[in-house]
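Spelled out, the chains give:
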There are 2 protein chains.
Amino acid sequence: MLNIRIEKTQNPKPIPGEDNPLKFGTIFTDHMFIMNYETGKGWHDPRIVEYQPIVLEPSAMVFHYGQEMFEGLKAYRTDEGNVLLFRPDKNAERAMNTNRRICIPEIPAEDFVQAVKELVAVDNAWIPTRPGTSLYIRPFIIATDPFLGVRPSDTYQFIVICSPVGAYYPEGLNPVKIWIEDDYVRAVKGGIGEAKTGGNYVASLAAQVKAHDEGYSQVLWLDGVERKYIEEVGAMNIFFKINGTVVTPKLNGSILPGVTRNSVIELCKHWGLPVEERKVSVDELVEAAKTGALEECWGSGTAAVISPVGHLRFEDNVMQIKDGGIGEVSQKLYDTITGIQLGKVKDEFGWTVQVK
Amino acid sequence: MLNIRIEKTQNPKPIPGEDNPLKFGTIFTDHMFIMNYETGKGWHDPRIVEYQPIVLEPSAMVFHYGQEMFEGLKAYRTDEGNVLLFRPDKNAERAMNTNRRICIPEIPAEDFVQAVKELVAVDNAWIPTRPGTSLYIRPFIIATDPFLGVRPSDTYQFIVICSPVGAYYPEGLNPVKIWIEDDYVRAVKGGIGEAKTGGNYVASLAAQVKAHDEGYSQVLWLDGVERKYIEEVGAMNIFFKINGTVVTPKLNGSILPGVTRNSVIELCKHWGLPVEERKVSVDELVEAAKTGALEECWGSGTAAVISPVGHLRFEDNVMQIKDGGIGEVSQKLYDTITGIQLGKVKDEFGWTVQVK
Ligand SMILES: Cc1ncc(COP(=O)(O)O)c(C=O)c1O
Ligand SMILES: Cc1ncc(COP(=O)(O)O)c(C=O)c1O
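As recorded in an unreviewed UniProt entry, chain A goes by the name Branched-chain-amino-acid aminotransferase, listed as coming from [Clostridium] polysaccharolyticum. Per its UniProt entry, chain A bears the Sequence similarities (unreviewed entry) comment "Belongs to the class-IV pyridoxal-phosphate-dependent aminotransferase family."

Below, the structure is given as structure tokens:
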């Protein structure tokens, strides 16, 4: 249990009105959470203070050696005015795994969740209410030793910031077009692919720019060894419905274990749909698209929740799915998950956590 | 040609005395170079100012998505009092390649070199003179857009800082012990391995910690696909002398193209030694060590210049080289390269560049 010092701002900013389009990740709330780490002293001085710049030495290790991690989750306001978080314990657990992989000292899961909860409570007036909007929460850790040389840092800052957001994809729930990449690689077994750390995202930029230039909104990655098996999208996990079975790539060390992915699997199983976590080759997809066995495709992630995929391209193969429309399972998943998040659908799984 | 504004500090720091051990990368000079980038405006406002903290929004992209690059080179003071840089054009060229790979706008090579030269000229009193010491120069670029979401940033800072340094390895030219890693992977073809960007270094930490715990100073990486071919060390390229031939892994997209590596190859060829850039399997090494064909091994990198390797370990195979002593080629390379860098050996290749 952290003893969080709260210093409220004397200069609150105007909260965006309901007509503000809330372009994803551009507006930030009045406060932020900060906690420091120092070898020997551990994590200390947890505080909620005015949203303010970070001041670091130019030699701070985060600028050079990429020792940084992040998480992403959302807070929602229900019609009754309650504030709900969606499975924050899963983010805390993944944060611990990321930390372990990249040698950042762990933060106890309950401290992680407490920091998020207290910050959201302080800035709760910033949670937007229009359909599709929410408060996006970004916990992150940066290595701050002023030192040049490759080793884990001895000092860190754990920071949480919040941003009221609209839809992640300008398309909203409209189906997106996805480019299956056969040249660049995002991550490989033995690497850092299953950790939520900057290095995986910087590795994805060049392919993403190429895909955008070709008119695609996201890249779907293949494995780095055989260049044959589907991994995940830039910021989403991927699902296919093939011949009535829901199929998603198995977690193999190079894929991020998405919280939404896990929720999708649980829900589909709960609904009695057959679910397979296994290797999915791109050849299987091309073939399934040809025969019509590929019935649906969607991405899952905190930002977009469920993002129907209407069009996949691998080299010269263009796969049109549901004639570019939204599939039934995609729609049902979106409605159910956002319904649970907003307190409108009964939360049979105990996924939501109320912020007091 | 940049028009660099120079604002000298009013508060110069004390310059470390010749008895200061100059622990690598811990002391920084009085000034730094900064230049900003903004889409539409390009690189602008080049300036040399007092060494000072970097102030960024918590949402600055570099903290989240790892869009950051760096370079490393050194300045030396000759006995005549001249200041020499070693092949800064090669660093500028590699910086352009890194930038291209991770979607950072390019900096013309001559501007990169000019920034380095002018900063070194301003802080030239900081160049130490004791044998083995030099001024380490760290150019780096960070993505600064205050934005959450994965895309290339629209704003950047290009910064150069300098640090007077002693030996990178506390061992000095003494042979190091190197651990060949068979579990973790640093980089893979199609990824960012040949770019000098934080993501590659954060990926190396866990294995490095493991190797240190086992009493090894560095990790030697295998390729990420077959887990069979030698790549490079954490911050050095690697060379072997096998049956009289100098062998080093071929640049394949996942290895950093070292400036020192290139210099070693040129020198060895110049001396009439047979040099092969090719795939080198770990099995070949184990076998060569057994038969005695593995005559020498050394790492090459700006920080340590040449680092003899006396001991390699792969799983249960311990390879002792030169009975743990320094090989002749390693020693000759070290003497020649540092001799050229210090203006003591004739620079037949035009590698050194004088700072006025
Ligand atoms: C690479 C990657 N994969 C998958 C996801 C989806 O994970 P989650 O459902 O936890 O948001 C994300 C985003 O968070 C991601 O960045
Ligand atoms: C991963 C890696 N390989 C090799 C090198 C050696 O390159 P250079 O000789 O240019 O210093 C470095 C260090 O710069 C490095 O970080």
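Let us look at the packing of helix H2 (residues 88–101) of chain B against helix H3 (residues 109–122) of chain B. All names here are of chain B. Packing of H2 against H3 brings their axes to within 9 Å, and their N-to-C directions diverge by 125°. Our classification of the angle between H2 and H3 gives oblique. Between H2 and H3 the crossing geometry is right-handed. Residues Pro88, Asp89, Asn91, Ala92, Ala95 and Met96 of H2 pack against Ala109, Phe112 and Val113 of H3.

Residues and elements named next belong to chain A. Phi is positive for Arg87, which is not a glycine, with a value near 50°. In this structure, Arg87 sits in the loop between strand S7 (83–86) and helix H2 (88–101). The class of Arg87 is buried, set by a relative accessible area of 9%.

Residue and element names in this part refer to chain A. Two elements in contact, helix H6 (residues 259–270) and helix H8 (residues 328–341), have axes whose closest approach is 11 Å; the angle formed by their N-to-C orientations is 110°. It follows from the interaxial angle that H6 and H8 lie roughly perpendicular. In this structure, H6 contributes Thr260, Val264, Leu267 and Cys268 to the contact, and H8 contributes Val329, Leu333, Thr336 and Ile337.

Its rotation angle being 180°, the transformation that places chain B on chain A also includes 0.0 Å of axial translation and leaves an RMSD of 0.0 Å. Here the two chains are linked by the operation of a two-fold rotation axis. When C-alpha positions in chain B are compared against the rotation axis, the closest is assigned to Gly199 of chain B, at 1.9 Å.

Below, the discussion takes up the site of ligand 1. Residues and elements named next belong to chain A. Looking at ligand 1, there are 16 residues lining it, with Tyr201, Glu232, Val259, Thr260 and Thr302 nearest. A distance of 2.6 Å separates an oxygen atom of ligand 1 from a polar atom in the side chain of Thr260. Thr302 is positioned such that a nitrogen or oxygen atom in its side chain is 2.6 Å from an oxygen atom of ligand 1. Within the complex, the protein chains bury 96% of what would otherwise be the 380 Å² of accessible surface of ligand 1.

Definitions and limits used
- Residues numbered from 1 in each chain as written.
- Chains lettered and ligands numbered in written order.
- Predicted model: local features only at pLDDT ≥ 70, side-chain atom pairs only at ≥ 80, totals over all residues.
- Heavy atoms only, no water.
- UniProt positions renumbered as here; feature names shortened; annotations may be inferred.
- Axes fitted to C-alpha atoms, helices over the stretch in contact; angles between N-to-C directions.
- Helix = DSSP H or I, 4+ residues; strand = E, 2+ residues; numbered from the N terminus.
- Parallel < 35°, antiparallel > 145°, perpendicular 65-115°, else oblique.
- Left-handed = near helix turned anticlockwise from the far one by under 90°.
- Contact = heavy atoms within 4.5 Å.
- Buried < 20%, exposed > 50% of the residue type's maximum accessible area, 1.4 Å probe, protein only.
- Least-squares fit on C-alpha atoms with pLDDT ≥ 70 in both.
- Near = heavy atom within 4 Å.
- Polar contact = N/O pair within 3.5 Å; in protein donor to acceptor, adjacent residues only side chain to side chain.
- Areas by Shrake-Rupley, 256 points an atom, 1.4 Å probe, with all protein chains shown as cover.

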